[in-house]
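Structure assessment
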Protein chains: 2
Amino acid sequence: MTSPFDLNALDQQDPLAGCRHLFSIPEGTLYLDGNSLGPLPKAVPARLQQVLQQEWGTGLIQSWNTADWLHLPQRVGARLAPLIGATPEEVRAADSTSVNLFKVLAAALSLQNERPVVLSDTGNFPSDLYIAEGALQQEGRGRTLRLVEPEAVLEALDEQTAVALLTQVDYRTGRLHDLKAVTQRAHEVGALVIWDLAHSAGALPIDLNGGGVDFAVGCGYKYLNGGPGAPAFVYVAQRHHDSLQQPLSGWLGHAQPFAFETHYTPAPGIDRLLCGTPTVLGMSALEAALEVFADVDLEEVRKKSLQLTQLFIELVEERCSGFGLELVTPRLPEQRGSQVSLAHEEAYAVMQALIAEGVIGDFRAPNLMRFGFAPLYLSFQEVGEAVEHLRQILSERRWDRPEFKQRAAVT
Amino acid sequence: MTSPFDLNALDQQDPLAGCRHLFSIPEGTLYLDGNSLGPLPKAVPARLQQVLQQEWGTGLIQSWNTADWLHLPQRVGARLAPLIGATPEEVRAADSTSVNLFKVLAAALSLQNERPVVLSDTGNFPSDLYIAEGALQQEGRGRTLRLVEPEAVLEALDEQTAVALLTQVDYRTGRLHDLKAVTQRAHEVGALVIWDLAHSAGALPIDLNGGGVDFAVGCGYKYLNGGPGAPAFVYVAQRHHDSLQQPLSGWLGHAQPFAFETHYTPAPGIDRLLCGTPTVLGMSALEAALEVFADVDLEEVRKKSLQLTQLFIELVEERCSGFGLELVTPRLPEQRGSQVSLAHEEAYAVMQALIAEGVIGDFRAPNLMRFGFAPLYLSFQEVGEAVEHLRQILSERRWDRPEFKQRAAVT
């Protein structure tokens with residue numbers, strides 16, 4: 001590498017460099033897909049063995065009490081709270097992001113009976129849009145889901161808007177919404193907001209309370225490293241707790257689950273968002289994974305994240321120009337999450353060629369390569385190496401090989 | 001023990017005796033709570049280590065393809081299918097029992113627009129009733145949930161009934177519904193049926209296809225031994241697949257999840273019941289746990305189950321009479337699941353005293369002791385020993401000790 005960037009010096013000065021040893025990352029892998037699935041925190045296998053052998057194997061049914069399995073949604077929620085600017089009583093870990101979104105969307109709509117529109121944008125993760133469709137159809141009141149371009153959200157918010165349903169960081173482009181400004185505008189027009197933090201929680205500081213956010217959901221398996229299909233989380237601002245109503249009224253959301261009454265009485269506060277029995281294995285893995293964040297300053301994470309993405313953008317532009325790449329991610333740091341997306345006509349095959357070299361990013365149809373930069377385990381030198389691999393592949397037109405064009409089920 | 005029963009001979013002749021070595025059961029524990037949480041199958045920890053280290057740790061994001069995480073709902077569903085008399089295409093593992101019930105209840109109601117009643121019974125697991133309340137309220141069409149005594153269900157089914165929502169084995173009493181007769185009667189009056197198999201799947205042969213059942217849900221962590229909070233399952237008869245509609249329309253229920261379209265198009269068949277990303281750790285544990293059933297004849301399981309429960313009932317009546325116990329479980333074998341429940345004024349404390357001796361059952365308010373008899377890992381001699389402990393505790397009034405009266409969070 002010849003470059004004006006002294007990557008080694010950047011790594012030497014990196015206050016987060018010490019976090020990398022908390023993760024198991026295979027030798028020879030440059031992992032730029034933590035925005036899709038975080039790598040394995042070393043604390044997780046030992047914790048899972050304990051859950052399997054001691055808690056389940058030996059403690060058996062009694063571990064609901066002795067290992068306090070019953071309160072995993074609260075315990076994990078309390079670990080998540082400081083990462084998203086919430087109090088412990090405002091966050092619970094439970095179910096999947098989509099199921100949690102269904103709950104809070106129903107709750108939000110029940111507070112907005114007179115307004116006909118749920119507003120979202122075309123950059124929202126499709127599952128969020130599908131859930132909104134399902135919830136609105138089930139409601140049967142003729143309300144509609146209105147989609148606008150991400151840049152048009154602020155202007156589109158109006159007195160017709162019941163709920164603005166947005167993902168803070170666009171899963172394709174990496175574009176970052178201004179959470180505070182959008183929330184403020186929504187409130188000015190009398191709308192409620194639901195933020196999906198799937199692509200931001202753990203990657204940047206989030207201040208739900210400071211931003212006055214009403215509801216939020218998020219994913220445990222991306223920047224939070226909770227493992228494939230980890231439990232998701234849900235946030236409800238304290239001020240909405242008393243009026244909270246949602247249709248997935250399962251037993252663990254009951255005021256007294258072990259009274260086994262035939263009639264549902266919602267638990268106080270956010271606990272009424274709980275539904276079925278918590279998935280103890282997944283919850284325990286996520287709980288252990290979150291230990292990584294115990295001593296981490298998210299301002300440092302954000303600072304390094306922007307350095308990493310900026311470096312990647314500049315190196316790509318310096319070293320890979322003329323190969324048909326197009327930067328899709330905003331150039332302005334304040335509009336960027338922790339990923340960089342590049343468009344290329346042969347994006348799928350280029351990404352397969354990168355993966356063959358151990359540089360793991362991913363592909364999103366029709367023509368995007370996504371590169372996630374997780375500050376807790378990536379070094380500046382790795383960014384440089386990743387770009388060098390990209391340059392070689394593009395300059396050799398290696399994407400033209402048939403083995404890189406074969407599509408897999410999950411792309 | 002002096003008893004007319006030759007328990008040792010029964011164990012010698014037990015064709016399922018060889019299954020016990022497939023489970024990790026702590027020395028000195030008589031585990032009679034597999035109806036609440038099955039014990040740890042030995043195959044699970046090794047499988048989880050593989051998932052953690054190889055699939056997640058090394059394979060990282062690529063394991064969605066290389067380890068086929070994407071099809072865990074189908075793979076686990078295919079393992080469950082023969083246990084419940086279904087085809088592999090009629091069963092998926094996903095979410096919790098309560099969330100799955102919400103889906104199929106919505107689906108069933110959408111097929112029964114003109115009928116005003118969901119019929120259930122007072123012995124149904126409360127979470128099922130709570131979910132029905134939530135779904136009906138959300139629907140906002142004024143339909144009602146009607147509860148009758150379990151014995152009155154057949155007669156209560158009528159032309160008003162949209163859906164009969166029943167649990168095959170009563171979680172408190174162990175009473176077994178006649179699945180085929182109830183389903184047949186429901187169909188005669190034009191109602192659809194949803195069976196919750198939480199307390200029957202894995203404990204007795206179930207023939208959903210043979211019984212003409214419309215929809216079913218069930219739990220992975222009881223007789224199926226999938227671990228605490230294991231994923232649940234859902235069944236939909238083939239004939240309903242084309243008309244299947246449900247509001248939890250998450251991305252994995254989309255016809256092309258990885259096309260990332262903004263509009264929802266349901267996947268063909270039962271896959272449209274999938275919602276969010278599958279919980280890979282929980283799914284993998286359940287998949288490994290189900291290996292236990294690979295060579296098991298469920299007719300043998302049922303036969304031994306009835307022997308175990310019959311033995312327990314007879315021994316309790318022989319050895320514990322005069323101590324205020326009342327048999328709550330039906331005496332007729334054809335009306336019994338795989339558990340026996342005994343009422344006692346001091347049920348909670350008696351159960352705590354039993355647990356102190358290593359005899360693990362559980363308590364259900366206000367006055368029930370539940371004893372589950374899982375034929376795959378229990379011996380006849382253990383039944384005898386459990387009754388002997390019960391006799392000693394009752395005869396010494398050991399339940400009167402203060403340490404046994406202290407209530408825990410989960411009872």
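Residues numbered from 1 in each chain as written. Chains lettered and ligands numbered in written order. Predicted model: local features only at pLDDT ≥ 70, side-chain atom pairs only at ≥ 80, totals over all residues. Heavy atoms only, no water.

**Notes on the packing of aromatic side chains**
Taken as a whole and assessed by the stated rule, the structure comprises 27 aromatic pairs over all chains. Ring plane angle 65° and centroid distance 5.4 Å describe the contact between B:Trp251 and B:Phe258, whose orientation is recorded as edge-to-face. With respect to class, B:Trp251 is no different from B:Phe258; both count as buried. Among the aromatic residues, ring-to-ring pairing joins A:Phe125, A:Tyr171, B:Trp251, B:Phe258 and B:Phe260 into one connected group. In this structure, A:Arg407 is placed above the aromatic ring of A:Tyr348, and the distance from its NZ or CZ to the ring centre is 4.3 Å. (Phe/Tyr/Trp six-rings, centres within 6.5 Å; stacked < 30°, edge-to-face > 60°. Buried < 20%, exposed > 50% of the residue type's maximum accessible area, 1.4 Å probe, protein only. Lys NZ or Arg CZ within 6 Å of the ring centre and 35° of its normal.)

**Section: the packing of helix α11 (residues 298-319) of chain A against helix α13 (residues 380-395) of chain A**
All names here are of chain A. For the pair α11 and α13, the least separation of the axes is 10 Å and the interaxial angle reads 30°. Between α11 and α13, the crossing angle belongs to the class labelled roughly parallel. As for the relative orientation of α11 and α13, their crossing is right-handed in sense. Every residue of α13 that contacts α11 at Lys304, Gln307, Leu308, Leu311, Phe312, Leu315, Val316 and Arg319 is listed here: Phe380, Val383, Gly384, Val387, Glu388, Leu390 and Arg391. Taken together, the residues that form the contact of α11 with α13 break down as nine nonpolar, two polar and four charged. (Axes fitted to C-alpha atoms, helices over the stretch in contact; angles between N-to-C directions. Helix = DSSP H or I, 4+ residues; strand = E, 2+ residues; numbered from the N terminus. Parallel < 35°, antiparallel > 145°, perpendicular 65-115°, else oblique. Left-handed = near helix turned anticlockwise from the far one by under 90°. Contact = heavy atoms within 4.5 Å. Nonpolar A, V, L, I, M, F, W, Y, C, P; charged D, E, K, R; others polar.)

**Re the sheet that holds strand β15 (residues 368-372) of chain B**
Residue and element names in this part refer to chain B. The sheet built from four strands is open, its strands ordered β11-β12-β15-β14 with antiparallel pairing. Taken across any chain shown, the strands that pair with only one partner, and hence form the sheet edges, are β11 (326-327) and β14 (362-364). Alignment of β11 against strand β12 (residues 339-343), held across two bridges, turns out to be antiparallel. Looking across to β12, one finds that Leu327 is bridged to Leu342. On top of the sheet, helix α10 (residues 298-319) reaches β11, β12 and β15; it is set at about 25° to β12, its chief contact. (Pairing = 2+ DSSP bridges.)

**Some thoughts on the relation of the copies chain A and chain B**
For the pair chain A and chain B, the relating rotation is 180°, the translation along its axis is 0.0 Å, and the fit reaches an RMSD of 0.0 Å. Each copy turns onto its partner about a two-fold axis. Taken as a fraction of all interface residues of chain A, those also at the interface in chain B reach 100%, which identifies the copy contact as same-surface. (Least-squares fit on C-alpha atoms with pLDDT ≥ 70 in both.)

**Topic: the pairing of strand β6 (residues 144-148) of chain A**
Remember that side chains alternate between the two faces of the sheet whenever the strand is regular. Residues and elements named next belong to chain A. Where strand β5 (residues 117-121) meets β6, five bridges bridge the pair, whose relative direction is parallel. If you follow Ser120 over to β6, its bridge partner there is Leu147. Handedness of the crossover joining β5 and β6 through helix α6 (residues 126-139): right-handed. (Right-handed = clockwise from strand over helix to strand, strands pointing away.)

**Topic: the nonpolar core**
Counting 248 residues, the largest nonpolar core has A:Ile84, A:Leu197, A:Leu376, B:Ile84, B:Leu197 and B:Leu376 as its most contacted members. Counting residues in hydrophobic clusters, the runner-up holds 54 residues, among them A:Leu248, B:Phe102, B:Leu109 and B:Val217. (Core = buried A, V, L, I, M, F, W, Y, C linked by side-chain atoms within 4.5 Å.)

**Some words on the pattern of salt bridges**
On inspection of all chains with the given rule, the structure shows 44 salt bridges over all chains. Ionic pairing is found between B:Asp362 and B:Arg370, a salt bridge with its closest N-O pair at 2.7 Å. Across the pair, exposure class does not vary: B:Asp362 and B:Arg370 are buried alike. A network of salt bridges, in which partner residues are shared, links A:Arg47, A:Glu55, A:Arg75 and A:Glu287. (Salt bridge = Lys/Arg side-chain N within 4 Å of Asp/Glu carboxyl O.)

**A short note on the interface of chain A and chain B**
Listed as interface residues are 83 residues of chain A and, on the opposing side, 83 residues of chain B. Summed over both sides, the interface of chain A with chain B buries roughly 7100 Å², with 68% coming from carbon and sulfur. Linking chain A to chain B there are zero salt bridges. Listed by contribution, the elements that provide at least two residues to the side of chain A that touches chain B are β3 (40-41), α2 (43-59), α3 (63-66), α5 (97-110), α6 and α10 (280-289) of chain A. When residues in the side of chain A that touches chain B are grouped by element, the largest group, 10 residues, is from α6(A). Residue composition of the side of chain A that touches chain B, grouped by class: 46 nonpolar, 32 polar and five charged. (Buried area = accessible area lost by both parts, 1.4 Å probe.)

**Section: the packing of helix α11 (residues 347-356) of chain B against helix α12 (residues 380-395) of chain B**
Residues and elements named next belong to chain B. Their axes nearest at 10 Å, the elements α11 and α12 cross at an angle of 125°. It follows that α11 is oblique to α12 by the angle criterion. Relative to α12, the crossing made by α11 is right-handed. Facing α11, whose interface residues are Val350, Ala353 and Leu354, α12 presents Ala386, His389, Leu390, Ile393 and Leu394. Classifying every residue of the contact of α11 with α12 gives seven nonpolar, one polar and no charged.

**A short note on helix α6 (residues 126-139) of chain B**
Residue and element names in this part refer to chain B. The terminal C-alpha atoms of α6 lie 20 Å apart, and with 14 residues this matches the ideal 20 Å at 1.5 Å per residue to within 8%. Extensive coverage of α6 is indicated by the burial of 13 of its 14 residues. Remark: Gly140 follows α6 within two positions and exhibits a positive phi of approximately 65°. (Expected span 1.5 Å × (residues − 1).)

**Regarding the environment of A:Ala164**
Residues and elements named next belong to chain A. Residue position: Ala164 is located in strand β7 (residues 161-167). Of the residues examined, Ala164 reaches a relative accessible area of 1% and is grouped as buried. Put simply, Ala164 and Leu119 are 45 residues apart on the chain and 4.7 Å apart in space, counted from C-alpha to C-alpha. Once you skip the residues sitting within four places of it in the chain, Ala164 turns out to touch Leu119, Leu157, Leu192, Val193 and Ile194.

**Let's talk about unusual backbone geometry**
With an omega dihedral of 0°, the bond running from A:Ala365 to A:Pro366 counts as a cis peptide bond. Looking at where A:Pro366 falls in the secondary structure, it is placed in the loop between β14 (362-364) and β15 (368-372). Of note in the backbone geometry, B:Phe260 takes a positive phi value of approximately 50° without being a glycine. Following the sequence through the fold, B:Phe260 ends up in the loop between β10 (232-236) and α9 (280-289). Despite not being glycine, B:Arg397 has its phi angle at roughly 50°, a positive value.

**Overview of the environment of B:Val51**
Residues and elements named next belong to chain B. Its place among the elements puts Val51 in helix α2 (residues 43-58). Taking relative accessible area as the criterion, Val51 reaches 0% and is therefore assigned buried. Sequence separation between Val51 and Ser200 is 149 residues, and the spatial gap between their C-alpha atoms is 29 Å. With near-sequence residues (within four places) excluded, Val51 lies in contact with Trp56, Gly57, Val280, Leu281 and Ser284.

**With respect to the side chain of A:His241**
As for its placement among the helices and strands, A:His241 is situated in the loop between β10 (232-236) and α10. Sequence-distant contacts of A:His241, defined by excluding residues within four places in its chain, comprise A:Glu89, A:Glu90, A:Val236, A:Gly269, A:Ile270 and A:Arg272.

**Here we look at helix α8 (residues 179-188) of chain A**
Residue and element names in this part refer to chain A. Listed in full, the buried residues belonging to α8 are Leu179, Val182, Thr183 and Ala186. In an axial view of α8, the angular spread of the buried residues amounts to 100°, which keeps them on one side of the axis. In α8, those exposed residues whose orientation departs by more than 90 degrees from the buried face are Lys180 and Glu188. Where the residues of α8 are buried, they touch α7 (153-156), β7, β8 (192-196) and α9 (208-211). Following α8 by one or two positions, Gly190 has its phi on the positive side, about 85°. (Arc of directions from axis to C-beta.)

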